[in-house]
Amino acid sequence: MKAPYAQKAPYAPQAARSRTAGSPRRGPAVLPRLAAAGALAGSAVLLLAGTASAHVSVQPQGPAAKGGYATVNFKVPNERDDASTVKLEVSLPADHPLASVQPQAVPGWNVKVTRKKLDKPLDMHGEKVTEAPSKVTWTATGKGVAPGTFQQFPLSVGQLPEDADQLVFKALQTYSDDEVVRWIEEPKSDGSEPEDPAPVLQLSAPAEDGHAAPGSAGATDKDSGKGASDKPSGAPGASHTTASDSSAGSDSDTTARVLAVVGIVVGVAGVAFGLLAGRRRTTAG
């Protein structure tokens, strides 16, 4: 007579068979922590990128050559969520007076150029200039620069100094809630950026002759001391600047965009890793 059929032991799950005694077991809370860490890293990079491009800056349209004339843009981003920028005041460099300053009309804004007498007259193309613009003020006639947007304020300026590598423009940004942000700190000697940096215009090498071309910006208005560079930069004889994709401000914007993309990739990768690892654990169990 045959022996009774011996019942086999129940099938052991793969996870239980593969785990040896003494091997560490990863707790279920580790994976969410990894995902959260990735998302936090991405958010931190995005925050730094936003901070790097939030201040008022100045960018030339093309090169700003020493001894010449240029058109520059003051870029004003709104860094508030509950207020608009309604006023911008830009102080022109007192150590290197600019005898010719002409703003371009900006829709929705009034502009005023304040002039003052110079302690030492300027010699511009054989003419003595005794006063020069000291400040330019833009005031919104409507809502101004709304949250999440920026505005550019163009100026035609000259004659740029021949004995300087950069010009510092101190700026005051006023919001609709009466808050005033003072972008007035000059560049540090160690090259690091201050907390509230003033807009800085980097000057390029002078033209071949070291001066503006005869008959262009060199012609002066004897009554006002203004040069012919008061014409828009695109007008004949206005300046030597040409269209260019490179500028000091665009470099910082590019860096901010790259940091933002990196932050997004890091955050998404962290979340995806957490979800994938959790799904594998559920399947194995």
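This is a predicted model, so every value here is computed, not measured.

K.L.:
Which parts of the structure should I look at to understand the overall build of the chain?
P.N.:
Across its full length, the chain carries three helices and eleven strands. Taken across its 285 residues, the chain has 36% of its residues classed as buried. Summarising the internal contacts of the chain: among those between residues at least 6 apart in sequence, 72% fall at separations of at least 24. Of the roughly 17,100 Å² that the chain leaves accessible, carbon and sulfur atoms contribute 56%.

K.L.:
Can you walk me through the sheet that holds strand β1 (residues 57-60) in this structure?
P.N.:
Two orientations exist for strands paired in a sheet by backbone hydrogen bonds: parallel and antiparallel. Overall, antiparallel pairing links the four strands, which are arranged β1-β2-β7-β4 in an open sheet. In the strand order of this sheet, the two ends are held by β1 and β4 (100-103), each with one partner. In this sheet, adjacent strand axes meet at a mean angle of 30 degrees when their direction is disregarded. By the bridge criterion, four bridges tie β1 to strand β2 (residues 70-77) in an arrangement that is antiparallel. Opposite Ser57, over in β2, you have Lys75 as the bridge partner.

K.L.:
I keep staring at a negative patch on the surface and nothing clicks. Help me out?
P.N.:
Together, Asp81, Asp82, Asp177 and Asp178 give the surface a local cluster of negative charge. Structurally, the position occupied by Asp178 is in the loop between β9 (170-175) and β10 (180-183).

K.L.:
Where do I start with unusual backbone geometry in this structure?
P.N.:
With an omega of -5 degrees, the peptide bond running from Gly158 to Gln159 counts as cis. Notably, Asp178 is not glycine yet its phi reads approximately 75 degrees, a positive angle.

K.L.:
What is the right way to read the packing of aromatic side chains from this model?
P.N.:
Ring pairs (aromatic) are described by centroid distance and by the angle formed between their planes. All told, the structure shown has four aromatic pairs when counted by the stated rule. Between Phe74 and Phe169 the ring centres are 5.4 Å apart and the planes differ by 80 degrees, which places this aromatic pair in the edge-to-face class. Highlighted residues: Phe74 in strand β2 and Phe169 in the loop between β8 (166-168) and β9, separated in sequence by 95 residues. The two residues Phe74 and Phe169 agree in class, both being buried. A ring pair is formed by Trp138 and Phe153, whose centres lie 5.0 Å apart and whose planes are at 45 degrees; its orientation type is tilted. In this pair, Trp138 sits in strand β6 (residues 127-140) while Phe153 sits in strand β7 (residues 150-158), placing the two residues 15 residues apart along the sequence. For Trp138, a relative accessible area of 0% gives the class buried. On the accessibility criterion, Phe153 (0% relative accessible area) is buried.

K.L.:
I would appreciate a short explanation of the nonpolar core in the present structure.
P.N.:
Counting 31 residues, the largest nonpolar core has Phe74, Trp138 and Phe169 as the members making the most contacts within it. For this core, the secondary-structure elements that each account for two or more residues are β2, β3 (85-91), β6, β7, β9 and β10. Looking at this core, the element that brings in the most residues is β2, giving four residues. When residues no more than four places from it in sequence are discounted, the contact partners of Trp138 are Phe74, Val86, Lys87, Leu88, Val90, Trp109, Asn110, Val111, Phe153, Pro154 and Leu155.

Calculation notes
Residues numbered from 1 in each chain as written. Predicted model: local features only at pLDDT ≥ 70, side-chain atom pairs only at ≥ 80, totals over all residues. Heavy atoms only, no water. Helix = DSSP H or I, 4+ residues; strand = E, 2+ residues; numbered from the N terminus. Buried < 20%, exposed > 50% of the residue type's maximum accessible area, 1.4 Å probe, protein only. Contact = heavy atoms within 4.5 Å. Areas by Shrake-Rupley, 256 points an atom, 1.4 Å probe, with all protein chains shown as cover. Pairing = 2+ DSSP bridges. Axes fitted to C-alpha atoms, helices over the stretch in contact; angles between N-to-C directions. Patch = residues over 30% accessible without salt bridge, like charges linked within 9 Å, V, L, I, M, F, W, Y side chains within 5 Å. Salt bridge = Lys/Arg side-chain N within 4 Å of Asp/Glu carboxyl O. Lys, Arg positive; Asp, Glu negative; His and termini not counted. Charge placed at Lys NZ, Arg CZ, Asp CG, Glu CD. Phe/Tyr/Trp six-rings, centres within 6.5 Å; stacked < 30°, edge-to-face > 60°. Core = buried A, V, L, I, M, F, W, Y, C linked by side-chain atoms within 4.5 Å.

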